[in-house]
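# Structural features, examined
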Amino acid sequence: MMSHRIPLLNLSVGRLLVHLSLLMLVMVWVLPSMGLLISSFRDKDQLAITGWWTAFTTTSQNAFGRTGVAGEEVLQDGRYVLTGSFFEAGSKTIQSYNTNFRKLDAYRSGEPMTMKDGSLFTLHADGSYVWKSEKPFKHKRGKRIFYVAKVPPTFSLDNYLEVLSAEGIGQSFVNTFVVTIPATIIPITIAAFAAYAFAWMRFPGRQFLFVVVVGLLVVPLQMSLIPLLRMYNDIGAFFGVSGKSYPGIWLAHTGFGLPLAIYLLRNYMGTLPKEIIESARIDGANHFQIFTRLVVPLSVPALASFTILQFLWVWNDLLVALVFLGKSDDQIVLTSKMRELLGSRGDNWEILTSSAFISIVVPLIVFFALQRYFVRGLVAGSVKGG
Amino acid sequence: MIAQLLDAVFAVFFGVGACFLYFIGSHFVLERFFADSKGANGEVISRESLRNLLRPWIFLLPAVFMLFIYLVYPVFETLRLSFHDFTGERFVGFRNYHWAVQDPELLQAIGNNAMWLVVVPTLSVFFGLLVAVLADRVWWGGFAKSMIFMPMAISFVGASVIWKFVYDFRGADSEQIGSLNALVMFFGGEPEAWITIPFWNNFFLMIILIWIQTGFAMVILSAALRGVPEETLEAARIDGANEIQVFLKIMVPQIMGTILVVWTTITIIVLKIFDIVLAMTNGQWGTEVLANMMFDWMFRGGGDSGRGSTIALFIMIAVVPVMIWNIRRFRSEEES
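Residues numbered from 1 in each chain as written. Chains lettered and ligands numbered in written order. Predicted model: local features only at pLDDT ≥ 70, side-chain atom pairs only at ≥ 80, totals over all residues.

## A word on the overall build of chain A
Heads up, the rule is: Runs of H or I in DSSP of at least four residues are treated as helices and runs of E of at least two as strands, each being numbered from the N terminus. A radius of gyration in this sense is built from C-alpha atoms; the matching globule rule multiplies 2.2 Å by the number of residues raised to 0.38. Here the C-beta atoms are placed from the backbone, and a residue counts as buried if at least 20 other C-beta atoms lie within 10 Å of its own, exposed if 12 or fewer do, and partly exposed otherwise.
A count of helical and extended segments in chain A gives 14 helices and nine strands. Taking 2.2 N^0.38 as the reference for a compact globule, 386 residues should give roughly 21 Å; the C-alpha atoms of chain A span a radius of gyration of 33 Å, well beyond that estimate. Its C-alpha atoms put chain A at 110 × 75 × 35 Å along the principal axes. For chain A, the residues scored as buried account for 43% of the 386 residues in total.

## Things to note about the overall build of chain B
Note the following rule: Working definition of a contact: two residues with C-beta atoms, positioned from the backbone, lying within 7 Å.
Secondary structure summary: chain B contains 14 helices and two strands in total. Taking 2.2 N^0.38 as the reference for a compact globule, 336 residues should give roughly 20 Å; the C-alpha atoms of chain B span a radius of gyration of 27 Å, well beyond that estimate. The principal-axis extent of the C-alpha atoms belonging to chain B is close to 100 × 70 × 50 Å. Taking all contacts inside chain B whose residues are at least 6 apart in sequence as the whole, residues at least 24 apart take part in 66%.

## Let's talk about the pairing of strand β7 (residues 120–123) of chain A
Residue and element names in this part refer to chain A. The line we're drawing: Pairing between two strands requires that DSSP report at least two bridges joining them.
With burial as the criterion, only one face of β7 is covered, namely that bearing Phe121 and Leu123; the residues Leu120 and Thr122 on the opposite face remain uncovered. Between the antiparallel neighbours strand β6 (residues 113–114) and β7 lie five residues, among them Gly118 with a positive phi of about 90°. Sheet topology note: the β7/strand β8 (residues 128–133) ladder contains four bridges and is antiparallel. Note that in β8 the partner of Leu123 across the bridge is Tyr129. Remark: four residues form the turn of the hairpin made by β7 and β8, two consecutive strands paired antiparallel; Gly127 in that turn has positive phi of roughly 95°.

## Points about the sheet that holds strand β9 (residues 144–151) of chain A
Backbone hydrogen bonds hold the strands of a sheet together, and the pairing may be parallel or antiparallel. Spatial strand order, β1-β9-β4-β5 (chain A): four strands in an open sheet with antiparallel pairing. If you trace the sheet from one side to the other, it starts and ends with β1 (59–66) and β5 (107–108) of chain A, each paired once.

## Quick look at the interface of chain B and chain A
Accessible area lost during the coming together of the parts is what is often quoted as the interface size. For clarity, the threshold we go by: Just so you know the grouping, Ala, Val, Leu, Ile, Met, Phe, Trp, Tyr, Cys and Pro go in nonpolar, Asp, Glu, Lys and Arg go in charged, and all remaining residues, Gly too, go in polar.
Taken residue by residue, the interface counts 88 residues in chain B and 93 residues in chain A. With 17 residues, the single largest contributor to the side of chain B that touches chain A is helix α2 (residues 48–81) of chain B. Residue composition of the side of chain B that touches chain A, by class: 66 nonpolar, 15 polar and seven charged.

## A closer look at the sheet that holds β8(A)
Residue and element names in this part refer to chain A. Taken together, the five strands give an open sheet; going across it, the order is β2-β3-β8-β7-β6, and neighbouring strands pair in antiparallel fashion. Each of the sheet's edge strands pairs with one partner strand only, and the pair in question is β2 (74–76) and β6. Where strand β3 (residues 79–85) and β8 come together, six bridges link them in antiparallel fashion. Within the sheet, the bridge partner assigned to Leu82 lies in β8 and is Trp131.

## Quick notes on the confidence of the model for chain B
Interpretation of the predicted coordinates at a detailed level should be avoided for regions scoring low in pLDDT. Convention followed: The quantity known as pLDDT measures the predictor's confidence residue by residue, on a range of 0 to 100.
Model confidence for chain B is summarised by a mean pLDDT of 88, while 99% of its residues fall at 70 or above. ipTM for the predicted complex: 0.90, alongside a pTM of 0.86.

## Here we look at the domain arrangement of chain B
Going by this rule: Domain start and stop points were drawn from an automatic or database domain assignment.
Parsing chain B into structural domains produces domain 1 (2–81) and domain 2 (105–335). Just the C-alpha atoms count here: the centres of domain 1 of chain B and domain 2 of chain B sit 40 Å apart.

## Some words on the domain arrangement of chain A
Taken domain by domain, chain A comprises domain 1 (7–55), domain 2 (59–151) and domain 3 (161–380). Placing the centre of domain 2 of chain A and that of domain 3 of chain A at their C-alpha centroids yields a distance of 63 Å.

## What about unusual backbone geometry?
Most peptide bonds take the trans configuration, and most residues that are not glycine carry a negative phi. A positive phi is found at Asp77(A), a non-glycine position, where the angle reads about 50°. As for its placement among the helices and strands, Asp77(A) is situated in the loop between β2 and β3. Backbone geometry places Trp285(B), a non-glycine residue, at a positive phi of 55°. You can see Trp285(B) is positioned in the loop between α12 (275–280) and α13 (290–299). On the neighbour-count criterion, Trp285(B) (17 C-beta atoms within 10 Å) is partly exposed.

## So, the packing of helix α8 (residues 200–226) of chain B against helix α11 (residues 256–271) of chain B
Residues and elements named next belong to chain B. Cut-off, in case you're wondering: Inter-axis angles, ranging from 0 to 180 degrees, are taken between N-to-C directions of lines fitted to C-alpha atoms, where helices are fitted over the stretch in contact. Orientation is classified from the angle alone, with under 35 degrees giving roughly parallel, over 145 giving roughly antiparallel, 65 to 115 giving roughly perpendicular, and any other angle giving oblique. Less than a right angle of anticlockwise turn of the near helix away from the far helix marks a crossing as left-handed, whereas a clockwise turn marks it as right-handed.
As a packed pair, α8 and α11 sit with axes 10 Å apart at the nearest point and diverge in direction by 155°. Relative to α11, α8 is oriented roughly antiparallel. Crossing geometry of α8 relative to α11 is assigned as right-handed. Side by side, α8 and α11 meet where Leu209, Gln213, Ala217, Ile220, Leu221 and Ala224 of the first sit next to Thr258, Ile259, Val262, Ile266, Ile269 and Val270 of the second. Among the residues forming the contact of α8 with α11, the class breakdown is 10 nonpolar, two polar and no charged.

## Here's the deal with the nonpolar core
Residues and elements named next belong to chain A. To keep it simple, the criterion reads: Each nonpolar core comprises buried Ala, Val, Leu, Ile, Met, Phe, Trp, Tyr and Cys residues, the members being joined through C-beta atoms within 7 Å.
With 185 residues, the main nonpolar core has Ala191, Ala194, Tyr196, Ile262 and Leu265 as its most contacted residues. The dominant element in this core, judged by the number of residues it contributes, is helix α4 (residues 169–200), at 19 residues. With 12 residues, the next largest nonpolar core counts Leu82, Tyr107, Phe121 and Ile145 among its residues.

## Section: the confidence of the model for chain A
Scored by pLDDT, chain A has a mean of 86; 96% of the residues are at 70 or more. In this model residues 1–7 of chain A is a low-confidence stretch, pLDDT under 50, and it forms four contacts with partners more than four residues away in sequence or in other chains.

## Side note on the packing of α4(A) against α2(B)
Taken N-terminus to C-terminus, the directions of α4(A) and α2(B) make an angle of 125°; their axes are 8 Å apart at the nearest point. If you check the angle between α4(A) and α2(B), you find them oblique. In the packing of α4(A) onto α2(B), the handedness of the crossing is left-handed. Along its contact with α4(A), which presents Ile190(A), Ala191(A), Phe193(A), Ala194(A), Tyr196(A) and Ala197(A), the element α2(B) presents Pro56(B), Phe59(B), Leu60(B), Pro62(B), Ala63(B) and Met66(B). Its residues assigned to classes, the contact of α4(A) with α2(B) comprises 12 nonpolar, no polar and no charged.

## As for the environment of Ala252(A)
Its place among the elements puts Ala252(A) in helix α7 (residues 246–270). C-alpha of Ala252(A) to C-alpha of Pro187(A): the two residues are 65 residues apart in sequence and 10.0 Å apart in space. Residue contacts for Ala252(A): discarding those within four places in its chain leaves Leu228(A), Val320(A), Phe324(A) and Tyr70(B).

Shown next, in the form of structure tokens:
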């Protein structure tokens, strides 16, 4: 009833308060992810020493450069001149410099500095230097010049390229798809047939079996882990292979996802108009034909809802993957990999932020593209939990 | 990489194909071997009733089989294992339970789970309701809801990385890169290693789950609020009730059922909370919870299936009331 008012003309204190408190909440909710996303594109050295909120501002950096050595100078108007540059022009701007790192603000860029031997050294803002001397240079190691420079914000895909190749995130990304796609399609196929049977077929024990399904909705995964792990290991040992395999995890996810899938689909299929199904039966169609040609096409919204729920659930799962899949390169999934990186590379935020973003980008795309179905599935299935 | 991708595609086809093969194959077999046939005198012997007797079970077989193997049988097996030693071979009576009620780590885990159970559903529902109500009153409400809902798509591990970065700690003399410590220092406080402060660190972990679950609560409650009839609200406003009174005395009572459903759904998620604790602290600094401890015992020292099963049963016992409530609710809905 508020929506038909023109917002700007109705800014009472109360309404301002509503806007402000909602804005605050949205900020608190968004900023943590924003920090991660921005950080993942930052230069790894800057990322380690400055907060992500400084990413768009120019930062100050203390560093040093080494001059060229004796023999590289040229003779110019009777003086020996050594020139060069400390960094690529444009990447930083020198503010001040000195040979002594304790007094970095001694000489401003472009201002000549007299060295101990009387020679003149000038460091320009763009990082180039000119060193003029009356006598030939003798030093064999380049002289260290300390400076303060302004560093403009730099963003690149370097962190991503690194984790995709060197850290094995690319491989894990593929593995995650190999787990997720069958672990989404198999349960939905099995559940759709079962849901149809529950909704439209008569058989003894129908009510009892469905109550069992409702009960199983909330059985914690933890109850299944140890018996299944033992079973998988026994089966693996029997065939002389490892108990950890892709078919193993597909079936595990299928089993765990089935109660919700059957529950959601049966409730949806039960609401389809009775007349359609009965008239199809009168026309001589059997249940298999009614199911594949009539009920499945009509149930697309419910099928889509569950597909999204199951896809996100499997993609984001860590526990089932840790128990039923190995940690070798050809099996480790993204969540499992992230958890390893948190342990081994806990301080390398350039690696953690970029791999975290890679692991959440697919769910985010699915989420934003299909938000409506996702919401519908959640509303219909809010009895399960996780 | 190419070989891996090909393997993946093959694996996907194999897995999905096997599933379709069953349904199409069983349909074919049914139609072929139980087809109507012509009798000796040329009359049609219909086997339709036989086919209709068999077909429900063909439709149900894979589902019933999977549910039995992956959920029903394990519940009883876990119960059995909890009375056996670490190998699962030797019967030890109540020894695992005896250990459980005395183990300080397990008692701490139960205490922490209880804290999670109180805090997370309460605050998720509170913030969810707050956002649902506020967002309905501003023109950018849809956008606000999307943003608050977004963490629902993020894995618990991904969320842990996001928040570990927020909680990052550097010494007081260096620049902070974690937002929380930077904020604390901005207001003149001392930076802290938040996730290692005993007792309070539990709350820093809970924030992560609240951050994820608020979106869920918001979506469900928002849908329920839409169902509250506009005339009732208008009538109350005409009677002089202000917006806060309308909200507390009319809206909240009307959606109480939904609030309860959201509450129990989040409760079950909280009971099973695992990934966040594993990724953030692995139960160190007094943050242990049941699910993480159970996982730990599955593999600790080669694995102790007896103790692991006992801990799993603790989680199961906590879930049973919700299960009974669900079944009752379902039964009463079916009858009406």
